[in-house]
Amino acid sequence: MTKKERALEVVKRLGEEYGTELHCYLEYEYPWQLLFATILSAQCTDARVNMVTKDLFRKYKTVEDFANAELSEMEQDIRSTGFYHNKAKNIIGCANALIDRFGGEVPDNIDDLITLPGVGRKTANVLLGDYYGKPCIVVDTHVKRVSKLLGLTKETDPVKVEFDLMRILPKEAWILYNFQVIAHGRSTCISGRPKCGNCILRDCCKSAK
C-alpha cells in the first residue's frame, strides 16, 4: 500500500467511524469569538476554553470591548487557560488590529490572518475551515501525533506536517480530517496509551502494536 493509498483508506475509515458532519469543539457565535477562543486554546483543553469564554463573551460583547480592555484585567479573566500574559496581550492586540486594518471583520484568507497578533497557521486554519468552510488542515497535537504514527508524515514541525498532508489527502477531506483525527486521538489513539487492539486503522498503521 502506497502512502497515498493508505491516506485514502484512513480517510474512508475515519468517515465511517466518526461521520462526515463538521463539528467545532470551541463554542462561539461570531468569527471574532472563534478567533479569540482559538488563541486561548494554545496549551489548553477546549473544555477549559469553553468554560472561560462563556463568561468572557458576556463581559466583552464586541471586538471594540476587547480592544479597549485593560491588560491586567484581561489576564485575570483568562488566567485559568495558562500563558495568560501573552494570550491577553495578543487578544487585545488582535482586536485592535481587526478594527484598525479590517474594519472589525475577521479576514477570510491566511495571508491576512497570520499578520494578526497571536495568530499562526494553526489558528488561521481553524478560522478558514470552521467558519469560512475553506479547505485547510489544522495541525494540532492530535493531528501531528496520529498522522506521524500512521506513517503519513515523518515531520515534527506543524507547518511541514500540514504540507505533507495536503499533498496526500484529497482536498475535500481536509477539514473533516481535522475533526476525525481529534476524535480518534481522544478515544482510541490516546497519547502514551493507544488502544491498538481496538483501532479501526490498525492494519494500515505503521506504528500499530
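The structure displayed is predicted, hence computed values, not measured ones.

Peer 1: Explanation requested: the overall build of the protein chain in the structure shown.
Peer 2: Looking only at helices and strands, the protein chain features eleven helices and zero strands. The helix and strand sequence of the protein chain, counted from the amino end, reads α-α-α-α-α-α-α-α-α-α-α. Computed over C-alpha atoms, the radius of gyration of the protein chain comes to 18 Å, within 12% of the 17 Å expected from 2.2 N^0.38 for 209 residues, which places it in the range of a compact globule. Based on the C-alpha atoms only, the size of the protein chain along its principal axes is roughly 55 × 30 × 30 Å. Out of the 209 residues belonging to the protein chain, those deemed buried represent 48%. Intrachain contacts of the protein chain at a sequence separation of at least 6 include 60% that bridge at least 24 residues. Summed over its atoms, the accessible surface of the protein chain is roughly 10,800 Å², and 50% of this surface lies on carbon and sulfur atoms. Separation of charge centres in the protein chain, based on 30 positive and 28 negative side chains, amounts to 10 Å.

Peer 1: What should I look at first to understand helix α9 (residues 141-150) in this one?
Peer 2: In an α-helix there are 3.6 residues to a turn, and that puts residues three or four apart on one side. Of all the positions in α9, only His142, Val143, Arg145, Val146, Ser147 and Leu150 are classed as buried. At the N-terminal end of α9, a side-chain oxygen is found 3.1 Å from the backbone nitrogen of His142, two or three residues along, and the residue is Asp140. Taken from the residues just after α9, Gly151 is the one with a positive phi, measuring 85°.

Peer 1: Honestly, the layout of surface pockets in this entry has me stumped. Any pointers?
Peer 2: Here the idea is plain: a probe the size of a water molecule rolls over the atoms and shows the empty space left. One number sums up the size of the largest pocket: a volume of about 880 Å³. Along its surface, the largest pocket is lined by 35 residues, and Ser41, Ala42, Lys122, Asp140 and Thr141 are the ones closest to its centre. Mapped onto the lining of the largest pocket, the elements with two or more residues apiece are α2 (31-40), α6 (84-102), α8 (121-131), α9, α10 (158-168) and α11 (174-187). Across the lining of the largest pocket, the residue classes break down as 14 nonpolar, twelve polar and nine charged. One number sums up the size of the second largest pocket: a volume of about 210 Å³. Taken together, 20 residues line the second largest pocket, and the ones lying closest to its centre are Leu149, Cys189, Pro194, Cys196 and Cys205. A per-element tally of the lining of the second largest pocket places α9 first, with four residues. Partitioned by chemical class, the residues of the lining of the second largest pocket number eleven nonpolar, five polar and four charged.

Peer 1: Would you explain the pattern of salt bridges in this entry?
Peer 2: Here the idea is simple: oppositely charged side chains can pair when their charged atoms come close. Per the stated rule, a full pass over the model turns up ten salt bridges. In this structure, Asp55 and Arg58 form a salt bridge, with 3.1 Å as the shortest nitrogen-oxygen distance. With Asp55 and Arg58 both in helix α3 (residues 46-59) and three residues apart, this pair spans about one turn of that helix. With a shortest N-O distance of 3.9 Å, Asp108 and Lys134 are connected by a salt bridge. You can see Asp108 sitting in the loop between α6 and α7 (110-113) and its partner Lys134 sitting in the loop between α8 and α9, a full 26 residues away along the chain. On the basis of relative accessibility, which here comes to 34%, the residue Lys134 falls in the partly exposed class. Linked through salt bridges whose partners overlap, the residues forming this network are Glu9, Arg13 and Asp203.

Peer 1: Looking at this structure, I do not really get the packing of α2 against α8. What am I missing?
Peer 2: The description of two packed helices rests on the angle between their axes and on the distance between the axes. Relative to each other, α2 and α8 sit at 145°, their axes nearing to 10 Å. Of the two possible hands of crossing, α2 and α8 adopt the one that is right-handed. Facing α2, whose interface residues are Pro31, Leu34, Leu35, Thr38 and Ile39, α8 presents Thr123, Val126, Leu127, Asp130 and Tyr131. Its residues assigned to classes, the contact of α2 with α8 shows seven nonpolar, two polar and one charged.

Rules and cut-offs
Residues numbered from 1 in each chain as written. Predicted model: local features only at pLDDT ≥ 70, side-chain atom pairs only at ≥ 80, totals over all residues. Heavy atoms only, no water. Helix = DSSP H or I, 4+ residues; strand = E, 2+ residues; numbered from the N terminus. Rg over C-alpha atoms; globule rule 2.2 N^0.38 Å. Buried < 20%, exposed > 50% of the residue type's maximum accessible area, 1.4 Å probe, protein only. Contact = heavy atoms within 4.5 Å. Areas by Shrake-Rupley, 256 points an atom, 1.4 Å probe, with all protein chains shown as cover. Lys, Arg positive; Asp, Glu negative; His and termini not counted. Charge placed at Lys NZ, Arg CZ, Asp CG, Glu CD. Polar contact = N/O pair within 3.5 Å; in protein donor to acceptor, adjacent residues only side chain to side chain. 1 Å grid on protein atoms, 1.4 Å probe; cavity = no way out; pocket = protein on both sides within 12 Å on 5 of 7 lines; lining within 4 Å. Points joined across faces, edges and corners; volume = space filled by probe spheres on them. Nonpolar A, V, L, I, M, F, W, Y, C, P; charged D, E, K, R; others polar. Salt bridge = Lys/Arg side-chain N within 4 Å of Asp/Glu carboxyl O. Axes fitted to C-alpha atoms, helices over the stretch in contact; angles between N-to-C directions. Left-handed = near helix turned anticlockwise from the far one by under 90°.

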